[in-house]
Amino acid sequence: MTPTPTTRPAASAPTGPVDPVGADLTKILRALKLSGLKDTLPERLALARQQQMGHATFLELLLSDEVSRRESRSATLRAAKAGLDPAMRLETWHDEPELSYDRMLWSDLTTLRFTEARTGVLILGPVGVGKTHLATALGHIAIRRRMTVAFYRSDKLFTRLRAARLDNTLEAEIRRLTGVDLLIIDDFALRPLDATQTNDFYELVVERHRQASTIWVSNREPSEWLGMTTDALLAQSAVDRLTSGAHTLVVEGPSYRQRARVGVDTTTEAHHAQ
């Protein structure tokens, strides 16, 4: 009697997409410190098949991804070290029609040509119009160009310099600040400067004059700064230097909170009208 052949069950089809990045490849990528490629590799493999890429072209694509990833991570770390708010970037700036400022000048400032000329920038205007955002956005652009950047609120900077004076490291601190490619000082002259702060203001301006660019953000005109110091002559000398050849961007209009309130009121009225 002929035996009946045993019928084997058909292999079940995979229930989900097959991960092209296996454990061995993952281990190799980790050993080469290329683990970041794992996230984009499946997508790049699909693209390579679709466009019938050659091996060299595919390799170039993968390595370009890794370079971009590392540069992005490096920029994020350097921006954090510089004290830049990650939310205040050029792409997050809302150019509201209620705001009045020289948009052609702003466009030129974003090229950072002023840093090549080692001239300063004054961003002036009332509270809440976005001066800090604009200054910080320039800082982020400089970071992406691998420039050294430091952002300080003026009161924090003067506190730092006062502490340096107490532990006899003021000269080293001034030297460090002088060596920064782009120094951003926010909320300058918001409060009166005492004798020590007036002297530190003068020293900082003199040391960076024609050596590197500084962005000064204030809600007061430079002429008003003199009355905020204890030594008008010293302050005048500093102001003359920092305004010499500097670009002045004046931003005017309602504050962010006022604009936000108007938006809320408009939304509420529209809701009630429905």
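What you see is a predicted model; the values in this text were computed from it and never measured.

Novice: Please clarify how the confidence of the model for the protein should be interpreted in this entry.
Specialist: Should pLDDT be low for a region, the predicted coordinates there are not to be read in detail. Scored by pLDDT, the protein comes out at a mean of 87, with 86% of its residues at no less than 70. Ignoring residues within four places in sequence, the model shows residues 5–19, a span with pLDDT below 50, making two contacts including any to other chains. In this model residues 264–268 is a low-confidence stretch, pLDDT under 50, and it forms zero contacts with partners more than four residues away in sequence or in other chains.

Novice: Explanation requested: the pairing of strand β4 (residues 213–218) in the structure shown.
Specialist: Side-chain direction in a regular strand flips from residue to residue, so the side chains alternate between the two faces of the sheet. Counting buried residues along β4, six of its six residues qualify, which places the element largely inside the surrounding structure. Side chains of β4 alternate between two faces, with S213, I215 and V217 and T214, W216 and S218 buried alike. Two strands pair when backbone bridges link them, and strand β3 (residues 182–186) and β4 are joined in this way by four bridges, in the parallel orientation. From the neighbouring strand, I184 faces β4, where its bridge partner is I215. After leaving β3, the chain enters helix α9 (residues 195–208) and then returns to the sheet as β4, a path that is right-handed.

Novice: Help me out: how do you make sense of the sheet that holds strand β1 (residues 121–124) in this one?
Specialist: By definition, the strands of a sheet pair up through backbone hydrogen bonds, in either a parallel or an antiparallel sense. Within the open sheet, the five strands sit side by side as β2-β3-β4-β1-β5. Their pairing is parallel. Because the sheet does not close on itself, it has two edges, and the strands there are β2 (149–153) and β5 (247–250). Averaged over neighbouring strand pairs, the angle between their axes works out to 15 degrees when direction is ignored. The pairing of β1 with β5 spans four bridges and is parallel.

Criteria and thresholds
- Residues numbered from 1 in each chain as written.
- Predicted model: local features only at pLDDT ≥ 70, side-chain atom pairs only at ≥ 80, totals over all residues.
- Heavy atoms only, no water.
- pLDDT = per-residue confidence, 0-100.
- Contact = heavy atoms within 4.5 Å.
- Buried < 20%, exposed > 50% of the residue type's maximum accessible area, 1.4 Å probe, protein only.
- Helix = DSSP H or I, 4+ residues; strand = E, 2+ residues; numbered from the N terminus.
- Pairing = 2+ DSSP bridges.
- Right-handed = clockwise from strand over helix to strand, strands pointing away.
- Axes fitted to C-alpha atoms, helices over the stretch in contact; angles between N-to-C directions.

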